[in-house]
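# Structural description and commentary
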Amino acid sequence: MSNAVSTAPNTKAAARTATVKGGQRDKALAWLTAPALFFFVVFAVVPLAGVLILSFASWDGIGAIGSAGLGNWFSVLADPGLYNALGLTFLIMLASWLVQTPISLLLGVFTAGSQRYRAALAVLYFLPLLLSSAAVAIAFKALLDPNFGLATGLGLPFLAQDWLGVPHLAVGLVIFVIAWQFVPFHTLIYQGGVRQIPKSLYEAAEIDGAGTIKQFFHITLPQLKYTIITSSTLMVVGSLTYFDLIFVLTGGGPGNSTRILALDMYLRGFRANLMGPASVIAVILVLIGLALALFLQRLGGKDKQGSQLEGM
Amino acid sequence: MSTVLKSSAEETPAGAPSNPAAPKRGLGSRMRRLNVPAGLGGWIWLAIIIIPVYYVVITSLKTQAGYFGQNPLALPAEPTLENYQMVLEADFAKYFMNSTIVTLGAVIPTVLISFMAAFAIVRGKGRFLKLVNGMFLMGLAIPLQATIIPIYLMIIRLNLYDSLLALMLPSIAFAIPLTVLILSNFIRDVPNELFESMRLDGCSEWQTMWRLALPLTRPAIVTVAIYNGLHVWNGFLLPLVLTQSPGLRVLPLALWTFQGEYSVNIPAVLASVVLSTLPILVLYVVGRRQLLSGLTAGFSK
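As a convention, each chain's residues are numbered from 1 in the sequence order in which they are written. Working convention: letters from A go to chains and numbers from 1 go to ligands, in the order in which they are written. Residues qualify for local features only when their pLDDT is at least 70, as the model is predicted, and side-chain atom pairs are given and counted only at 80 or more; totals for whole chains, interfaces and linings, by contrast, use all residues. Note that water and hydrogens are dropped before the side-chain values are worked out from all heavy atoms of the structure.

Another point: the overall build of chain B. In terms of helices and strands, chain B carries 13 helices and zero strands. Secondary structure counts use DSSP, requiring at least four H or I residues in a row for a helix and at least two E residues in a row for a strand, with both numbered from the N terminus. Secondary structure of chain B in N-to-C order comes out as α-α-α-α-α-α-α-α-α-α-α-α-α. With 301 residues in all, chain B has 57% of them scored as buried. Exposure was quantified through the Shrake-Rupley algorithm and a 1.4 Å probe, taking into account, for residues, occlusion by the shown protein chains and nothing else. Per element, the accessible surface of chain B, about 13200 Å² overall, is 66% carbon and sulfur. Working definition: with a 1.4 Å probe on protein chains only, accessible area under 20% of the residue-type maximum means buried, over 50% means exposed, and in between means partly exposed.

As a further point, take helix H3 (residues 34–54) of chain A. Residues and elements named next belong to chain A. Helix length check: H3, at 21 residues, gives a terminal C-alpha distance of 28 Å against a target of 30 Å (1.5 Å per residue), a fit within 8%. The sharpest bend along H3 comes to roughly 40°, located at Val41. Among the residues making up H3, those that are buried are Ala36, Leu37, Phe39, Phe40, Phe43, Ala44, Pro47, Gly50, Val51 and Leu54. Under the convention used throughout, the expected extent of a helix is 1.5 Å for every residue step, that is, one less than its residue count. We define the bend at each residue as the angle formed by axes fitted to the 7 residues ending at it and the 7 residues starting at it.

It is worth spelling out the pattern of salt bridges at this point. Residue and element names in this part refer to chain A. Counted as salt bridges are all cases of a side-chain nitrogen of Lys or Arg within 4 Å of a carboxyl oxygen of Asp or Glu. Across all of its chains, the model carries five salt bridges over all chains by this definition. Between Arg268 and Asp79 there is a salt bridge, with its nearest N and O atoms 2.9 Å apart. In this pair, Arg268 is assigned in helix H14 (residues 261–271) and Asp79 in the loop between helix H4 (71–77) and helix H5 (80–111), connecting sequence segments 189 residues apart. Ionic pairing is found between Arg259 and Asp264, a salt bridge with its closest N-O pair at 2.6 Å. Residues Arg259 and Asp264 agree in their burial class; the two are buried. A single salt-bridge network, built from bridges that share partners, covers Asp79, Arg259, Asp264 and Arg268.

Turning our eyes to something else, we now look at the interface of chain B and chain A. A contact between two residues is defined here by any heavy atoms of the two lying within 4.5 Å. The partner chain A presents 111 residues to the 113 residues of chain B that form the contact. For the pair chain B and chain A, the summed buried surface comes to about 9800 Å²; carbon and sulfur atoms form 77% of the total. Here chain B and chain A share zero salt bridges between them. Counting of polar contacts relies on pairs of N or O atoms within 3.5 Å, with two restrictions inside protein: one atom must be capable of donating a hydrogen and the other of accepting it, and residues adjacent in sequence are counted only when both atoms are side-chain atoms. Our count for the contact surface shared by chain B and chain A stands at six residue pairs in polar contact (both at pLDDT 80 or more). Reported buried area values correspond to the accessible surface (1.4 Å probe) lost by two parts on association, with both partners' losses combined.

Moving on, we get to the packing of aromatic side chains. Note on ring pairs: Phe, Tyr and Trp rings are taken, using the six-membered ring of Trp, and paired if centres are within 6.5 Å. Classes follow the plane angle, with under 30 degrees stacked, over 60 edge-to-face and the rest tilted. All told, the structure shown has 28 aromatic pairs over all chains when counted by the stated rule. For the pair Tyr152 of chain B and Tyr161 of chain B, a centre-to-centre distance of 6.0 Å together with 85° between the ring planes defines the contact as edge-to-face. With a relative accessible area of 10%, Tyr152 of chain B lands in the buried category. Pairwise contacts between aromatic rings join Trp59, Phe243, Phe247, Tyr266 and Phe270 of chain A together with Tyr152, Tyr161, Phe236 and Trp256 of chain B into one cluster. A positively charged side chain is recorded as over a ring if its NZ (Lys) or CZ (Arg) lies within 6 Å of the ring centre. The angle to the ring normal must also be within 35 degrees. Over the aromatic face of Phe195 of chain B sits the side chain of Arg123 of chain B, whose NZ or CZ is 4.1 Å from the ring centroid.

This part takes up the side chain of Thr258 of chain A. All names here are of chain A. Here Thr258 lies in the loop between helix H13 (243–249) and H14. With a relative accessible area of 0%, Thr258 lands in the buried category. In contact with Thr258, other than residues within four places in its own chain, are Leu88, Ala170, Val171, Val174, Ile246, Thr250, Gly252, Gly253 and Leu263.

Quick look at a nonpolar patch on the surface now. Residue and element names in this part refer to chain A. Patches were defined on residues exceeding 30% relative accessible area and lacking a salt bridge, with like-charge contacts within 9 Å and nonpolar side-chain contacts (Val, Leu, Ile, Met, Phe, Trp, Tyr) within 5 Å. A grouping of Leu52, Phe56, Leu70 and Phe74 is seen on the molecular surface, where their side chains present a nonpolar patch of about 400 Å² in accessible area. By secondary structure assignment, the location of Leu70 is in the loop between strand S2 (66–67) and H4. Note on Leu70: relative accessible area 47%, which makes it partly exposed.

Attention now goes to unusual backbone geometry. Cis peptide bonds are those with omega within 30 degrees of zero, and the linkage from Gly253 of chain A to Pro254 of chain A qualifies with -5°. Residues other than glycine seldom take positive phi values, yet Asp91 of chain B does so here, at roughly 65°. A relative accessible area of 42% means that Asp91 of chain B is categorised as partly exposed. Unlike most non-glycine residues, Asp162 of chain B shows phi in positive territory, near 65°. Along the polypeptide, Asp162 of chain B turns up in the loop between helix H6 (148–157) and helix H7 (164–188).

What follows deals with the side chain of Asn83 of chain B. All names here are of chain B. Within the secondary structure layout, Asn83 lies in helix H4 (residues 82–123). Classification of Asn83 as buried rests on a relative accessible area of 4%. Here Lys62 takes part through its backbone oxygen, which lies 2.9 Å from a polar atom of the side chain of Asn83. For Asn83, the residues in contact, after removing those within four places along its chain, are Ser60, Leu61, Lys62, Asn265, Pro267, Ala268 and Ala271.

Residue and element names in this part refer to chain A. Only the stretch in contact is used when fitting a helix axis, every axis being a line fitted to C-alpha atoms; angles between N-to-C directions are given from 0 to 180 degrees. In the contact formed by H3 and helix H15 (residues 275–299), the axes pass within 8 Å of each other and the chain directions differ by 130°. Between H3 and H15, the crossing angle belongs to the class labelled oblique. Between H3 and H15 lies a crossing whose hand is left-handed. Listed contacts from H15 to Leu48, Val51, Leu52 and Leu54 of H3 are Gly276, Ser279, Ala282, Val283 and Val286. Residues are grouped as follows: Ala, Val, Leu, Ile, Met, Phe, Trp, Tyr, Cys and Pro are nonpolar; Asp, Glu, Lys and Arg are charged; all remaining types, including Gly, are polar. Here the residues of the contact of H3 with H15 are counted per class, giving seven nonpolar, two polar and no charged. Here the word oblique covers every angle except those under 35 degrees (roughly parallel), over 145 (roughly antiparallel) and from 65 to 115 (roughly perpendicular). Two helices cross in a left-handed way if the nearer one is turned anticlockwise from the farther one by less than a right angle. They cross in a right-handed way if the turn is clockwise.

The next point concerns the packing of H4 of chain B against helix H5 (residues 127–139) of chain B. Residues and elements named next belong to chain B. Remark: H4 packs on H5, axes separated minimally by 9 Å, with the N-to-C direction vectors making an angle of 130°. The angle between H4 and H5 falls in the class oblique. Between H4 and H5 lies a crossing of left-handed hand. Contact residues: Ala117, Ala120 and Ile121 in H4; Leu129, Val132, Asn133 and Phe136 in H5. Classifying every residue of the contact of H4 with H5 by side-chain character gives six nonpolar, one polar and no charged.

Counting buried residues in H6 of chain B gives eight out of 10 residues, a clear majority hidden from the surface. Every buried residue belonging to H6 of chain B is among Ile148, Ile149, Pro150, Ile151, Tyr152, Leu153, Met154 and Ile155 of chain B, and all of these are buried. Those residues of H6 of chain B that are buried are in contact with H3, H14 and H15 of chain A together with H7 and helix H11 (237–242) of chain B. After H6 of chain B finishes, the residue Asn159 of chain B shows a positive phi value of roughly 60°.

In this section: the confidence of the model for chain A. For residues with low pLDDT, the predicted coordinates do not support detailed interpretation. All names here are of chain A. Each residue carries a pLDDT score, the predictor's own confidence in it, on a scale running from 0 to 100. Looking at chain A as a whole, its pLDDT mean stands at 84, while 88% of the residues score no less than 70. Taken together, the stretch residues 1–10 has pLDDT below 50 and engages in six contacts with residues farther than four places along the chain or on a different chain. In the model, residues 302–312 has pLDDT below 50 throughout and makes 26 contacts with residues more than four positions away in sequence or in other chains.

Okay, structure coming up:
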């Protein structure tokens with residue numbers, strides 16, 4: 001067919017040649033995705049299906065895998081430990097969002113300015129991003145020592161608490177350390193977002209006599225809508241993955257007061273050797289992750305969904 | 001707010017020195033006064049970031065006696081490197097090598113195969129490519145932890161348990177979605193005329209990809225390489241679950257075990273924290289500009 005078309009010397013035929021070539025091109029292009037697709041399917045999609053299957057299995061992590069039917073689901077759903085972990089996961093997610101978003105938004109707007117010292121500040125803000133969660137957790141453990149830590153150093157006795165021994169203090173500490181580690185990253189996102197707002201909007205507002213605060217709420221915030229959604233999505237979905245930090249900082253304690261879902265899954269699976277129930281928790285984690293991502297996308301407006309995700 | 005300041009400064013040069021942290025230059029303008037809290041907040045946050053870092057560094061230079069006897073924030077009376085010596089003697093070089101191997105072994109394949117996929121997704125129109133793209137986008141929402149149990153099972157079955165390769169394979173898979181997304185955003189910005197002229201010159205898609213798209217997306221490639229590198233370098237869960245031998249520890253895991261073994265010797269533990277961060281810090285100092293501008297563009301388009 002392509003032969004017949006290519007011999008016809010008119011523009012219509014040329015256009016058709018292009019579409020035929022387009023089809024071949026698509027095939028050639030499709031092969032370019034093969035390696036990425038292979039890795040993603042084998043080490044992400046298959047495990048995703050695997051975790052669903054394992055949630056109906058009984059396995060201690062070493063021996064043979066047996067069937068458990070719905071047993072794991074019943075036992076996990078009847079376990080108050082699940083609801084503790086769920087509640088805590090959402091508490092830390094919500095608190096992290098409420099703490100980090102305003103701080104990183106304001107810092108992002110602030111550091112988007114052109115003065116030199118702001119650029120210097122932004123460099124230092126970036127430091128926590130270079131540290132591993134293990135390093136951050138270990139550093140804060142030392143820092144919080146009531147006798148040899150920050151409290152004595154700064155002469156602030158109210159900081160000398162048993163941070164890792166009292167449940168509500170431990171939760172607060174986890175929220176603070178998460179903010180310490182991740183606000184810099186979100187600041188960076190907002191800084192980039194602010195720099196893309198057209199200056200003419202502010203000039204027009206200036207002429208209309210709008211003050212700084214009015215400009216912030218009527219120009220900056222609405223213009224940052226998609227940046228806010230991008231940052232929030234990363235923050236909220238990311239909050240499901242604070243495993244390392246909490247594992248090293250508190251190990252889930254005191255008691256179970258900082259045992260979030262991801263940690264609950266690890267401890268059930270790799271410490272108590274109950275891979276089946278742990279897989280149930282993992283399935284719940286996936287569902288929460290997907291639900292949150294879809295919800296946040298929808299916030300961005302349905303028609304904008306495509307470009308929305310691309311913004312991440 | 002700063003943008004406001006900038007634009008007003010452009011209009012009226014007199015308003016140029018509207019430095020919020022320097023109110024001494026005059027409080028005449030309403031805007032300058034309102035920005036004092038912002039400047040103050042900026043500096044407070046800086047203190048929150050810097051004090052812990054400062055504490056870790058100076059404590060790592062203290063002797064045990066200095067740690068127990070001095071004000072914790074005071075500079076060490078007799079600074080010592082013996083903590084560093086101790087950490088370095090505890091196989092630090094080996095852990096450093098392991099981390100380097102895993103990071104390079106994960107990042108190079110990730111960037112290469114993601115670039116090819118991103119190019120195809122941008123250039124192609126077919127339903128299959130749309131589907132692939134959609135799948136990768138969904139992948140963004142899947143937490144790595146949730147799949148760790150089947151990954152553990154697969155790695156055992158593949159006879160890869162307790163090897164460095166076991167850490168690379170899942171790292172590659174989970175880095176693909178975001179890498180493809182960022183790279184395809186950049187490739188999309190390449191003007192269509194350039195692709196057209198390559199096509200008219202008789203170049204295949206394969207040639208177009210390497211000769212046109214690759215050079216033009218170099219900044220984005222550096223960005224995703226650094227971003228993924230940081231993630232893999234600092235990764236903790238995969239090494240914790242998929243390796244066992246002390247000889248295969250990567251830095252974050254080594255830090256954690258070291259902390260367990262030497263919890264009485266806080267200066268030594270903190271020296272290990274500093275040492276584990278140092279290589280990344282050096283890279284950061286060298287490639288800061290590239291990293292910051294790349295990340296800004298990559299995440300806030």
